[in-house]
Amino acid sequence: QVQLVESGGGLVEPGGSLRLSCAASGLIFSRYRMAWYRQAPGKQRELVAQITDGGSIIYADSVKDRFTISRDNDKNTVYLQMNSLKPEDTAVYYCYARRFSYSSPTWGQGTQVTVSS
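The structure reproduced in this document is the subject of the present report. (Residues numbered from 1 in each chain as written. Predicted model: local features only at pLDDT ≥ 70, side-chain atom pairs only at ≥ 80, totals over all residues. Heavy atoms only, no water.)

## Let's talk about the environment of Tyr-79
The criterion, for reference: The secondary structure listing takes helices from DSSP runs of H or I that are at least 4 residues long and strands from runs of E that are at least 2 residues long, numbered from the N terminus. Working rule for contacts: check all heavy atoms of both residues, and any pair within 4.5 Å makes them a contact.
Mapping Tyr-79 onto the fold places it in strand β8 (residues 77-82). Non-local contacts of Tyr-79, meaning those with residues more than four positions away in its chain, are made with Arg-19, Leu-20, Ser-21, Trp-36, Thr-68, Ile-69, Ser-70 and Asp-72.

## Some thoughts on the sheet that holds strand β3 (residues 18-25)
Going by this rule: Note on pairing: DSSP must find at least two bridges between two strands before they are called paired. Every axis corresponds to a line fitted to the C-alpha atoms, with the helix fit spanning only the stretch in contact, and the corresponding angles, defined between N-to-C directions, vary from 0 to 180 degrees.
Here 4 strands make up an open sheet; going across it, the order is β1-β3-β8-β7 and the pairing antiparallel. Of all strands in the sheet, those bounded by a partner on one side alone are β1 (3-7) and β7 (67-72). Across the sheet, the axes of successive neighbouring strands diverge by a mean angle of 15°, strand direction being ignored.

## So, the pairing of β8
Operational definition: For every residue, the accessible area obtained with a 1.4 Å probe (protein chains only) is divided by the maximum for its type, and the residue is called buried under 20%, exposed over 50%, and partly exposed between those limits.
Taken across its 6 residues, β8 has 5 buried, putting it largely inside the fold. Note: β3 against β8, 6 bridges, orientation antiparallel. Bridged to Arg-19 within β8 is Gln-81. Direction of pairing for β7 relative to β8: antiparallel, over a ladder of 6 bridges. Pairing of Ser-70 across the sheet is with Tyr-79, part of β8. Between β7 and β8, which pair antiparallel one after the other, the connecting turn spans 4 residues, and Asn-76 there sits at a positive phi close to 55°.

Structure follows, in structure tokens:
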């Protein structure tokens, strides 16, 4: 059974930084596409960043040049380094894992990120 556990969220002032971590278990991590999504109150969940098993990366336009996704296959962990945070980045951030396009994804429980002065 695939499990994802996020950590690293919290309260930060505008312009600050946070690093989210997602520890995965119950899977051959290196073979999975991993991603971070977020959901703000009253809004739909949206893709923030994705990294494939081959290392290809995509970002939402709103976070390009500020966020960096990375993975450590030895530690079964995916990271999201968030810099220059803005109030509009406030959301619950979810880790996502998927093996194949036709397979069901696995979601973490989410971690709250609040950007406020």
